[in-house]
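Architecture at a glance
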Amino acid sequence: MLWKALRRFGRKLVRRRSLELGMAESRLARCLNTLDLVALGVGSTLGAGVYVLAGEVAKDKAGPSIVICFLVAALSSVLAGLCYAEFGARVPRSGSAYLYSYVTVGELWAFTTGWNLILSYVIGTASVARAWSSAFDNLIGNHISQALQGSISLNVPHVLAEYPDFFALGLVLLLTALLALGASESALVTKVFTAVNLLVLGFVIVSGFIKGDLHNWKLTKEDYELAVAGVNDTYSLLGSMFPMPRVIYAMAEDGLLFRVLAQIHNDTRTPIVATVVSGVIAALMAFLFELTDLVDLMSIGTLLAYSLVSICVLILRYQPDPEMKNEEDELELQEETPPEAEKLTLQRLFCPRNSIPSPLSGQVVYVCSSLLALLVSVLCLVLAQWSVPLLSGDLVWIAVVVVLLTLITGITGVIWRQPQSSTPLHFKVPALPLLPLLSIFVNIYLMMQMTAGTWARFGVWMLIGFVIYFGYGIRHSLEEIKGGQPPLKSRAPTVGLDLSRSCTPSI
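Quick word on a nonpolar patch on the surface
Together, Val-192, Phe-193, Val-196, Val-200, Phe-203 and Val-204 make up an exposed nonpolar region whose accessible area comes to about 580 Å². Along the chain, the position of Val-204 falls in helix α9 (residues 183-211).

The structure is reproduced here in structure tokens:
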């Protein structure tokens, strides 16, 4: 009985969501055009990471090698962006990264992905507010910080900030109110500020070419050593406030978070409860924590989410797709696969019989991808924490790295030999499985350089998430409802929803 109960519990953790016809529909307002989306993307990148953190990292950590930091961060972002693009091409629906984790690797990993996306968006918003508060305070002669340090001091070193930041608190709450007004209104404001951002950057670039001194580009040995240390800080503010409530909405509508968070406002057709709750949490984070702690915590959440997305792309491309498979693929599979069940042999591991994915080949990729993630994590841990003995020629650590690289190469070869899905998409990640594997390596390597304090804060965040999932989400999941009783009304109530509104559904 105990074994059966454990098996049922384990199946709940790995149950996957099926791709259903019409699931691309959404109750959110789809009012954004291409220019709006580009402005949101550019605006989320041109923030405190460019104007505030880049200078601090160059001054205190990386020096002139700040350029190398930007290049490494850009590589990680580009690789993750390719994986996100394939997700969006498959189903243009709110919470796509979380959704495709749900489809490919199961419910627990989907919750983990969504929970980390929420972390990166919340902390990203808080860090932007804290950075701009610090910049504004510097412009007026540090009067705000001096007044608060003398009158209101938190006195919890290494945990909370020296003083509460009322300016950052008010800024986040103001932006929350703007988002609650609607997607089109907030997008208009974003376009205006993005245009200003681009003008300022253009002025700085032109001034740099005129006033720059090439002698400052000479790097010393210390500069190279500090380069890696500054990468995570330069990674900075890739999140934004706009997608934050939409991920929460997607998870709440699936029952993994509290259903009240999926309520939609009648007039604005925005996830009003999720917007307010996430905005308040981000405001409190900006109010209580230091900028450096916020940025490190945001980085580790973003990097883990990027890694999970890359793993999902790697798995999904090699899975059979019975829901969307066309008749020609079915005939081909029937012709190439004998009636008896497939058996895994060493020959079929490297030379599969089918030219399209089968359940056996999909399971092989699933297991191999999990092993890859484990081996890459161990390799990154060794490279990050024991780099000194490696560089000094310690044979033991060199042998460990060689063994890990050999295993990773062999497993990658097994995945490469499996047949890929022929489902037509507007965009597919090229050079599978190499690009997703490179993305996983870069992201995990950066994560392994985080401080123990950052890992401790991240552990607390994940603990809160797992309490919510195992206490609420696992019992109220739509997949649990489908499997345990007749179909129920799955969607949360809409606050005065007016279906006659002309605006079409949105992301």
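Remarks on helix α19 (residues 434-447)
Counted at 1.5 Å a residue, the expected span for α19 with its 14 residues is 20 Å, and the 20 Å between its end C-alpha atoms agrees. When we look at burial in α19, the residues that qualify are Pro-436, Leu-437, Ser-439, Ile-440, Val-442, Asn-443, Ile-444, Leu-446 and Met-447.

Structural notes on the environment of Leu-371
For Leu-371, the location among the structural elements is in helix α16 (residues 359-385). By relative accessible area, which is 40% here, Leu-371 ends up partly exposed. Each C-alpha atom of the pair Leu-371 and Ile-411 lies 8.0 Å from the other, and the pair is 40 residues apart in sequence.

Notes on the packing of aromatic side chains
One pass over the full model with this rule turns up 13 aromatic pairs. Seen from their ring centres, Phe-258 and Tyr-472 are 4.8 Å apart, and the 50 degrees between their planes marks the pair as tilted. In this pair, Phe-258 is assigned in the loop between α11 (244-253) and α12 (272-288) and Tyr-472 in helix α20 (residues 452-476), connecting sequence segments 214 residues apart. Overall, Phe-258 belongs to the partly exposed group, its relative accessible area being 39%. Assessed through its relative accessible area of 17%, Tyr-472 is described here as buried. When the ring centre of Trp-416 is taken as reference, the NZ or CZ atom of Arg-417 above it lies at 5.7 Å.

Here we look at the nonpolar core
With 91 residues, the main nonpolar core has Trp-115, Ile-118, Leu-257 and Ile-415 as its most contacted residues. Counting residues per element, this core draws most heavily on helix α13 (residues 291-316), which supplies 15 residues. Apart from the residues within four sequence positions on either side, Trp-115 is in contact with Met-251, Leu-257, Trp-461, Met-462, Ile-464, Gly-465 and Ile-468.

Some thoughts on the pattern of salt bridges
Two side chains bearing opposite charge may form a pair once their charged atoms approach each other closely. Going through the model one piece at a time under the given rule, you end up with 5 salt bridges. We note a salt bridge from Arg-15 to Glu-107, for which the minimum N-O separation is 2.9 Å. In this pair, Arg-15 is assigned in the loop between α1 (2-14) and β1 (29-30) and Glu-107 in helix α6 (residues 107-139), connecting sequence segments 92 residues apart. A salt bridge links Glu-480 to Arg-15; the shortest N-O distance between them is 2.6 Å. One end of the pair, Glu-480, is in helix α21 (residues 478-484); the other, Arg-15, is in the loop between α1 and β1, and 465 residues separate them in sequence. Glu-480 gets classed as partly exposed once you look at its relative accessible area, which sits at 22%. Connected via shared salt-bridge partners are Lys-12, Arg-15, Glu-107 and Glu-480.

Each value, and the rule that gives it
Residues numbered from 1 in each chain as written. Predicted model: local features only at pLDDT ≥ 70, side-chain atom pairs only at ≥ 80, totals over all residues. Heavy atoms only, no water. Patch = residues over 30% accessible without salt bridge, like charges linked within 9 Å, V, L, I, M, F, W, Y side chains within 5 Å. Areas by Shrake-Rupley, 256 points an atom, 1.4 Å probe, with all protein chains shown as cover. Salt bridge = Lys/Arg side-chain N within 4 Å of Asp/Glu carboxyl O. Helix = DSSP H or I, 4+ residues; strand = E, 2+ residues; numbered from the N terminus. Expected span 1.5 Å × (residues − 1). Buried < 20%, exposed > 50% of the residue type's maximum accessible area, 1.4 Å probe, protein only. Phe/Tyr/Trp six-rings, centres within 6.5 Å; stacked < 30°, edge-to-face > 60°. Lys NZ or Arg CZ within 6 Å of the ring centre and 35° of its normal. Core = buried A, V, L, I, M, F, W, Y, C linked by side-chain atoms within 4.5 Å. Contact = heavy atoms within 4.5 Å.

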